[in-house]
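Each chain, written out:
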Amino acid sequence: MDYNFKKTDTELFPYNRINAYRYAKRWALDRNPRFYDFEDLGGDCTNFASQVLYAGGCPMNYTKWTGWYYNNLNDRAAAWTGVEYLYKFLINNKGRGPVGRLCDIKEIEIGDIVQLNFEQDNIFNHSPVVVRIERPINPDNIFIAAHTDDRFDYRLSNYYYTDIRFIHIEGYRY
């Protein structure tokens, strides 16, 4: 008998949190030359978060206008580098690429994304990646990696923010 098991479009592959962590550790305080540094174009935090997701095994989604991909500075999706666009992509993605959901702080894991709003305008401005969690789970015990103001193993509670959201990466689709 031939047993050919095919993954369905709705089945998720596991996100490799170890590889995501390793990438974050290697590149948090440096820049991977494969990717443009957006620090002078509004910030590099979401570009870095996307690189971490990609390193964790998440394939790019080349859907025009609504995808998540990076080829070069002039050929990339808004979701690769924009805080709100990444959020919308992760939460709503029904196709190829990473899939996320809003979660409670207690559900956060290494490799997940935290988004911060620094002003009282309902617009999130920053996308650090979780690299360490201690108990009890609270902002003092969540440590992140980020670009723009480069950080690694930095306490989430060191940021001054007006709003916060946690995005748990559930896996990815091919």
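Residues numbered from 1 in each chain as written. Predicted model: local features only at pLDDT ≥ 70, side-chain atom pairs only at ≥ 80, totals over all residues. Heavy atoms only, no water.

1. Digging into the state of the cysteines
Two cysteines joined by a covalent bond between their sulfur atoms form a disulfide.
(1) Moving on: Enumeration over the complete set of coordinates arrives at 0 disulfides.
(2) Moving on: Free cysteine Cys45: the closest other cysteine sulfur is in Cys58, separated by 18 Å.
(3) Moving on: Cys103 forms no disulfide, and the closest cysteine sulfur to it belongs to Cys58, at a distance of 15 Å.
(4) Moving on: We classify Cys103 as buried; its relative accessible area is 12%. (Disulfide = S-S within 2.5 Å. Buried < 20%, exposed > 50% of the residue type's maximum accessible area, 1.4 Å probe, protein only.)

2. Thoughts on empty space enclosed by the protein
Over the atoms rolls a probe the size of a water molecule, and in doing so it shows where empty space is left.
(1) Moving on: As enumerated under the stated definition, the model contains 1 cavity of 30 Å³ or more in all.
(2) Moving on: As a volume, the largest cavity reaches approximately 30 Å³.
(3) Moving on: Lining the largest cavity, in full, are Arg31, Asn32, Phe35, Tyr36, Asp37, Asn47, Gln51 and His147.
(4) Moving on: Of the residues assigned to the lining of the largest cavity, the class counts are 2 nonpolar, 4 polar and 2 charged. (1 Å grid on protein atoms, 1.4 Å probe; cavity = no way out; pocket = protein on both sides within 12 Å on 5 of 7 lines; lining within 4 Å. Points joined across faces, edges and corners; volume = space filled by probe spheres on them. Nonpolar A, V, L, I, M, F, W, Y, C, P; charged D, E, K, R; others polar.)

Function cannot be inferred from these measures alone, as they are strictly geometric.
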